[in-house]
Amino acid sequence: MHQLPTLPYSYKTLEPYIDAQTMEIHYTKHHQGYIDKLNKALEGRDDLQKKSIEELISNLESIPEDIRTTIRNNGGGHYNHSLFWETLRPAQENNQPIGVLAKEMGETFQSFDIFKESFAKMAVSHFGSGWAWLVRDGDKLALMTTANQDSPVSTGLKPLLGLDLWEHAYYLKYQNKRIDYIGAWWNIVNWEEVQKNDESYRGA
Ligand code: MN3
C-alpha cells in the first residue's frame, strides 16, 4: 500500500508564501486522493504491489491496459507531490542553489536570475494543469513542463525540482495570479534537497 510521506514541516511554516489552508487541503485531500485511487487500482495485483512508485511510472507500457491510465494519473500524482513536498522548506534569506548543482546551473542557464526568469516564463505560459520542472537529462540540465500528473520519470528524465501548476496549489491565496505564486515559491525551495536529488542521479 502506498502512503502519504511525512511532511518535514507544519502546514503553516511555509507562510506567507504558501498558506496553511492550501497546504492542508493539498496534502490531505489532493495528494491522499491520488494515493487512494492508486491503491485501489493495484488491488489484487500482487506483482505490481511489490513495485515502488518510481518503478510503476517509469514503465507505464508494462502496466496492464485496463489500469494504465489510472496508474499514469494517480501514480504520477503521488510521485510528483512527494517530490514537491520534499523540495520545500520554511523561507530562508538569499535562497539559492548550492554545491556542484549551483555551478552547473550557472554554466547551463548563465545565472540564477536568468534561470528563474526562464523557469517562470515557461511555467506561466503552460496551458492548464500540469507541472514545471528542472530535470537532469543525461549529462545536461533542462527545463520542461508536463501536462496533468505526467512525470518526467515516465520519459526517462530525472526530476530534480518540480512546481505544481494546478490551480489547487495556489488558487486560495493567489487566485488567477500564477506568476505571483511562482515568485513566492522561490523563497521556499529547498535547494539542499534539490542538490541531493541530483547527487542520487549522478551516483555521487
Ligand atoms: Mn497538486
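These lines cover the structure that appears in this document, whether it is placed above or below. Since the model is a prediction, treat every value here as computed from it, not as a measurement. (Residues numbered from 1 in each chain as written. Predicted model: local features only at pLDDT ≥ 70, side-chain atom pairs only at ≥ 80, totals over all residues. Heavy atoms only, no water.)

## A word on helix α4 (residues 65-86)
- Under the 1.5 Å per step criterion, the end-to-end length of α4 is 31 Å for 22 residues, consistent within 8% with the ideal 32 Å.
- Of all bends in α4, the biggest is about 35 degrees, found at I71. (Helix = DSSP H or I, 4+ residues; strand = E, 2+ residues; numbered from the N terminus. Expected span 1.5 Å × (residues − 1). Bend = angle between axes of the 7 residues up to and from the residue.)

## Considering the nonpolar core
- Of all hydrophobic cores here, the largest spans 56 residues; its most connected members are I71, L88, M105, F115, L163, W185 and W191.
- Non-local contacts of L88, meaning those with residues more than four positions away in its chain, are made with Y9, L14, I18, W185, I188 and N190. (Core = buried A, V, L, I, M, F, W, Y, C linked by side-chain atoms within 4.5 Å. Buried < 20%, exposed > 50% of the residue type's maximum accessible area, 1.4 Å probe, protein only. Contact = heavy atoms within 4.5 Å.)

## Thoughts on the pattern of salt bridges
- Under the defined criterion, the tally for this structure stands at nine salt bridges.
- D66 is the salt-bridge partner of R45, the closest N and O atoms lying 2.7 Å from each other. In this pair, R45 sits in the loop between α1 (20-41) and α2 (46-49) while D66 sits in helix α4, placing the two residues 21 residues apart along the sequence.
- For R45, a relative accessible area of 22% translates into the label partly exposed.
- The partner of D198 in a salt bridge is R136, and the shortest N-O contact between them spans 2.6 Å. Of this pair, D198 sits in helix α9 (residues 191-202) while R136 is found in strand β1 (residues 130-137), placing the two residues 62 residues apart along the sequence.
- Via salt bridges that share partners, E104, R136, D198 and R202 belong to a single interconnected network. (Salt bridge = Lys/Arg side-chain N within 4 Å of Asp/Glu carboxyl O.)

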